[in-house]
Amino acid sequence: MGQQEKKMSDLDFTEEEIERYARHITLPQVGGIGQRKLMNAKVLIIGAGGLGSPLLLYLAAAGVGTIGIIDDDKVELSNLQRQIIHSNANINAYKTDSAKEAILAINPNINVVTYKEKFSINNAENLVKDYEIIADGSDNFGTRFLANDVCFFAKKTLVSAAILRFEGQISTYSPHKDANCCYRCLWPEPPPKGLIASCGEAGVFGALAGSIGSIQSIEILKEILGIGKSLNNYLIIFDTLSAEMRKVKINKDDNCKLCGSKPKITKINNHKDYS
Ligand SMILES: [Zn+2]
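Residues numbered from 1 in each chain as written. Predicted model: local features only at pLDDT ≥ 70, side-chain atom pairs only at ≥ 80, totals over all residues. Heavy atoms only, no water.

Quick look at the pairing of strand β5 (residues 157–164)
Here's step 1: Most of β5 is tucked away: seven of the eight residues are buried.
Here's step 2: As paired strands, strand β4 (residues 133–136) and β5 are joined by four bridges and run parallel to one another. Bridge pairing in β5 links Asp 136 to Ser 160.
Here's step 3: Note that the unit made of β4, helix α8 (residues 141–154) and β5 has a crossover that is right-handed.
Here's step 4: Two elements, β5 and strand β6 (residues 167–173), share seven bridges in a ladder whose sense is antiparallel. Across the sheet, Val 159 pairs through a bridge with Thr 172, a residue of β6.
Here's step 5: Between β5 and β6, which pair antiparallel one after the other, the connecting turn spans two residues, and Arg 165 there sits at a positive phi close to 50°. (Buried < 20%, exposed > 50% of the residue type's maximum accessible area, 1.4 Å probe, protein only. Helix = DSSP H or I, 4+ residues; strand = E, 2+ residues; numbered from the N terminus. Pairing = 2+ DSSP bridges. Right-handed = clockwise from strand over helix to strand, strands pointing away.)

Put into structure tokens, the structure is as follows:
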């Protein structure tokens, strides 16, 4: 006990932090050192919507020290079916403000930085440089491809997820490490406009956002802690109707136009894939 107390005091936790994070600190794979890593981590969340809701709540609860939130939308009544971070009282408020209020209510010790703007070629490079891990919880292909390309050039880990109707997908991309694949190795370019419906057009099963966003938060915490098996080079596909979750191998594509041996995309510019 004496030794444990000394270790904890070396890590400079307050009494309140020791109690708040007790269930993490008890885990040998996390411990005080891991908890300190979480408290020093900086994660940017793109989108405070269906995926962003559980993601933000769990990362804040886990004590991730700096959480950035970028979203230019306001809370609408139709969001509340799945965007559990927002409440009726916050309809018409900016999602960034509503989300910040909710996560600080859970954990006032963290630093929350909000950006009331759309993630775009004008701000993306500047935004990601201040964070270690980027979580894409956006609802459109333009943002997904931009996030992938920006993270590739900035050498940041991207944890990307998507949901539609009854199915969700999630993967981690760190192409700057160990010859891992990028999002474009799997999807070279966005589908033609109109081919794949949006959640607004096709609908989405609300609780699915909760499960995929929670898995996204797990993978982010694992990346920060450096524990377990990373989701790099794998895609998890969850089909709620058949209650089946599959983990599929993704291979790095040497012909990938971004991370392949002869890349065609060499910088972020007004690429059509980002629109
Ligand atoms: Zn690639």
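Anyway, onward from the coordinates.
Brief notes about the sheet that holds strand β8 (residues 244–249)
Here's step 1: Strand order in the open sheet formed by eight strands is β3-β2-β1-β4-β5-β6-β7-β8, with mixed pairing between adjacent strands. The open sheet has two edge strands, β3 (111–115) and β8, and neither has a second partner. Shown here is a sheet whose adjacent strand axes are inclined to one another by a mean of 15°, direction ignored.
Here's step 2: The sheet contact formed by β6 and strand β7 (residues 234–239) spans five bridges and is antiparallel. Its bridge partner being in β7, Gln 169 is matched across the sheet by Ile 237.
Here's step 3: Relative to the sheet, helix α5 (residues 52–62) contacts β1 (42–46), β2 (66–70) and β4, its axis offset from that of β1 by approximately 165°.
Here's step 4: Most of the contacts of helix α11 (residues 206–225) go to β5, to which it runs at about 170°, and overall it touches β1, β4, β5, β6, β7 and β8. (Axes fitted to C-alpha atoms, helices over the stretch in contact; angles between N-to-C directions. Contact = heavy atoms within 4.5 Å.)

Section: the pattern of salt bridges
Here's step 1: This model, assessed by the stated rule, comprises eight salt bridges.
Here's step 2: Residue Arg 20 is joined to Glu 16 by a salt bridge in which the shortest nitrogen-to-oxygen separation is 3.0 Å. On the criterion of helical spacing, the pair formed by Arg 20 and Glu 16 is a turn pair, its members being four residues apart in helix α2 (residues 15–20).
Here's step 3: The partly exposed category is assigned to Arg 20, whose relative accessible area is 30%.
Here's step 4: Across the salt bridge formed by Lys 222 and Glu 219, the nearest N and O atoms sit 3.1 Å from each other. With Lys 222 and Glu 219 both in helix α11 and three residues apart, the pair spans about one turn of that helix.
Here's step 5: Relative accessible area serves as the criterion here: at 6%, Glu 219 is assigned to the buried category.
Here's step 6: Each of Asp 149, Arg 184, Lys 272 and Asp 273 takes part in salt bridges that share partners, so that together they form one network. (Salt bridge = Lys/Arg side-chain N within 4 Å of Asp/Glu carboxyl O.)

Some words on the coordination of the zinc ion
Here's step 1: On the protein side, the zinc ion has Cys 182 (SG), Cys 185 (SG), Cys 256 (SG) and Cys 259 (SG) as donor atoms, found 2.3 to 2.4 Å from it.
Here's step 2: In this structure, the zinc ion is coordinated by four donor atoms arranged in tetrahedral fashion, with angles at the metal of 92 to 123°.
Here's step 3: Donor residues binding the zinc ion come from one chain and are separated in sequence as C-x2-C-x70-C-x2-C. Linking Cys 185 in helix α9 (residues 183–186) with Cys 256 in the segment after β8, this pair joins segments that are 71 residues apart in sequence. In this structure, Cys 185 and Cys 256 share a single accessibility class: buried. (Donors = N, O, S within 2.8 Å, 3.2 Å for Na, K, Ca; no water. Tetrahedral: all angles 85-135°; square planar, octahedral: opposite > 155°, others 65-115°.)

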